[in-house]
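Coordinate inspection notes
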Amino acid sequence: MLYLIKFGGNAISDGEDLSRLCEEIWEMTDSGHKVILVHGGGPEISAEMERLGMRPTKVNGVRVTDADGLEVAAKVLKKINARVTDALYASDVPHIGMPAYACTLCRKAEPVAYCEDGVQKTADLGLVGEVVSVDTGMLNDILGAGVVPVIYPIGSDGVDDLNVNADTMAAGIAAGMGCDEMIAITDVPGVLKDIKDPSSKYDRLTTDEALELIKDGTISGGMIPKVEACIKAVRAGARAVRMVNGKDPDNIVSGISAESSKGTVITK
Ligand SMILES: Nc1ncnc2c1ncn2[C@@H]1O[C@H](COP(=O)(O)OP(=O)(O)OP(=O)(O)O)[C@@H](O)[C@H]1O
Ligand SMILES: [Mg+2]
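Conventions we followed
Every chain begins its residue count from 1, and numbering advances along the sequence as written. Written order determines the labels here, with chains lettered from A and ligands numbered from 1. Where totals are concerned, whole chains, interfaces and linings use all residues; where local detail is concerned, this predicted model gives features only for residues with pLDDT of at least 70, and gives and counts side-chain atom pairs only at 80 or more. With hydrogens and water excluded, all non-hydrogen atoms of the structure serve as input to the side-chain values. In DSSP terms, a helix is any run of H or I states spanning at least four residues, a strand is any run of E spanning at least two, and both are numbered starting from the N terminus. Restricting the calculation to C-alpha atoms gives the radius of gyration, and the globule rule supplies 2.2 Å times the number of residues raised to the power 0.38. The rule is simple: take the accessible area with a 1.4 Å probe, protein chains only, and divide by the maximum for that residue type; under 20% is buried, over 50% is exposed, in between is partly exposed. Any two residues whose heavy atoms approach within 4.5 Å are treated as being in contact. Any residue with a non-hydrogen atom lying within 4 Å of a molecule or strand is treated as near it. N or O atoms within 3.5 Å of each other form a polar contact, as long as, within protein, one can give a hydrogen and the other can take it, and as long as residues adjacent in sequence are counted only when both atoms are side-chain atoms. Under the convention used here, a 1.4 Å probe and the Shrake-Rupley method define accessible areas, while residue burial counts only the protein chains that appear. Residues are grouped as follows: Ala, Val, Leu, Ile, Met, Phe, Trp, Tyr, Cys and Pro are nonpolar; Asp, Glu, Lys and Arg are charged; every other residue, Gly included, is polar. A carboxyl oxygen of Asp or Glu within 4 Å of a side-chain nitrogen of Lys or Arg is what we treat as a salt bridge. Between any two strands, at least two bridges found by DSSP are needed for them to pair. For helices, the fitted line uses only the C-alpha atoms of the stretch in contact; every axis is such a line through C-alpha atoms, and the angle between N-to-C directions lies from 0 to 180 degrees. Oblique is the label for every angle not falling under 35 degrees (roughly parallel), over 145 degrees (roughly antiparallel), or within 65 to 115 degrees (roughly perpendicular). Helix span is expected to be 1.5 Å times the residue number reduced by one.

1. Quick notes on the overall build of the chain
Summing up its helical and strand segments, the chain has seven helices and 16 strands in all. Relative to the compact-globule value of 18 Å for 268 residues, the chain shows a C-alpha radius of gyration of 17 Å, a close match. Projected onto the principal axes, the alpha-carbon positions of the chain cover approximately 50 × 40 × 35 Å. Relative to its 268 residues, the chain shows a buried fraction of 50%. Excluding contacts between residues fewer than 6 apart, the proportion of contacts in the chain whose partners are at least 24 apart in sequence is 75%.

2. Observations concerning the site of ligand 1
Surveying the vicinity of ligand 1 reveals 22 residues, the closest of which are Lys6, Gly42, Thr186, Asp187 and Lys226. One of the side-chain nitrogen or oxygen atoms of Asp167 is found 3.3 Å away from an oxygen atom of ligand 1. A distance of 3.1 Å separates a nitrogen atom of ligand 1 from a polar backbone atom of Ser220. For ligand 1, whose free accessible area comes to 630 Å², the fraction covered by protein is 86%. Breaking the shell around ligand 1 down by element, the ones donating at least two residues are α2 (42–51), α5 (166–177) and α7 (223–235). For the shell around ligand 1, the per-class residue count stands at eight nonpolar, 10 polar and four charged.

3. Focus: the pattern of salt bridges
Evaluated as defined, the whole model comprises 16 salt bridges. Note that Glu181 is salt-bridged to Arg242, the shortest N-O span being 2.4 Å. Here the residue Glu181 occupies a position in strand β13 (residues 181–186), and Arg242 occupies one in strand β15 (residues 240–245), the gap between them amounting to 61 residues. Given a relative accessible area of 1%, Glu181 falls into the buried group. Here Arg242 falls in the buried class, since its relative accessible area comes to 3%. Connected via shared salt-bridge partners are Lys6, Asp167 and Lys226.

4. Concerning the side chain of Thr104
Among the structural elements, Thr104 can be located in strand β6 (residues 104–108). Leaving out residues up to four positions away in the same chain, Thr104 has contacts with Val131, Ser133, Val134, Met169 and Ile173.

5. Some words on the sheet that holds β15
Strands sit in the order β5-β10-β2-β1-β13-β15-β16-β14 across an open sheet of eight strands; the sheet is mixed. Sheet topology places β5 (95–99) and β14 (204–206) at the edges, where each strand pairs with a single neighbour. If you compare each strand with its neighbour and ignore which way they point, the axes differ by 20 degrees on average. Summarising the sheet, β5 and strand β10 (residues 148–152) pair through five bridges and their orientation is parallel. Paired with Ile96 across the bridge in β10 is Pro149. Contacting β1 (2–7), β2 (34–39), β10 and β13, helix α1 (residues 15–30) crosses the sheet at an angle of about 175 degrees to β1. Each of β14 and β16 (264–267) is contacted by helix α6 (residues 207–215), which is oriented at about 90 degrees to β14, the strand it contacts most.

6. Looking at the packing of helix α4 (residues 136–144) against α5
Put simply, α4 and α5 touch, their axes get as near as 10 Å, and they point 85 degrees apart. When the axis of α4 is compared with that of α5, the two are roughly perpendicular. Within the contact between the two elements, α4 uses Thr136, Leu139, Asn140 and Leu143 and α5 uses Ile173, Gly176 and Met177. Split by residue class, the contact of α4 with α5 holds four nonpolar, three polar and no charged.

7. What to know about α5
The terminal C-alpha atoms of α5, which comprises 12 residues, lie 16 Å apart, in line with the 16 Å expected from a rise of 1.5 Å per residue. Within α5, nine of the 12 residues are buried, leaving the element largely enclosed by the surrounding structure. Residues Ala166, Asp167, Met169, Ala170, Ala171, Gly172, Ile173, Ala174 and Met177 constitute the buried set of α5. A distance of 2.8 Å separates the backbone nitrogen of Asp167 from a side-chain oxygen at the start of α5, and that oxygen is part of Asn165. Gly178 sits one or two residues past α5 and shows a positive phi near 65 degrees.

Spatial relationships are all this shows, so hold off on functional conclusions.
Shown next, in the form of structure tokens:
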């Protein structure tokens, strides 16, 4: 099986969470599965922007990015990538870290429509991208050699570097590579009916049900691009996409069957 595992900045900010994930990846690859890793870095990018006196802005959960913001995002993501590759090294997992521009072609995202105080508006996201195509030959060569690609979501349209939401990047790569399953590791138990109540988790959602939850506002912020990414991956052929909490040692990625009630599973 080919798995795409995506994790967010908050999900495994802790070294222990990261080592646990790396041990699991070791087990997955040892039992013959192939794994592609994509990571984000939202909280750390925001913290670094604030430290530099910049104001992080997001629309529908996606970061509006100017040239300075892009520089910060690229710098922070590269650092996180090094931290992840160090952890994989410590767990004896053969791996190669790379920016998304090394293995994908992206284009600038269209301006997005959003609703503010009941008023419909559109926003230009700036240097923000989405995936157009994936260098499947190169990634398959890497995977075929038993190596885990560790990708951070700075893409390029051939002219400009582009900041890509990590979930959007993960879905683009999962779709392009025909991944069997995508696992999105985040900092919440799954999609929640009430964001303040961790016990209000949906165990399973169809893509239509998930879209409805975006429409009715149940899903907001960073969960919007995440759920859109899950839908894209499922529609591209992944049999299931799971969202799990990286802080919960019970949510062992490799141990969760499609039938389990851990996290939220999104299927067609
Ligand atoms: N209905 C919902 N259920 C669960 N979480 C929700 C919901 N609506 C909004 N969210 C928010 O979505 C967040 C997860 O997305 P976020 O972009 O912050 O993290 P991430 O994608 O895991 O990390 P990164 O952006 O660094 O890759 C949750 O922490 C939560 O605040
Ligand atoms: Mg996110």
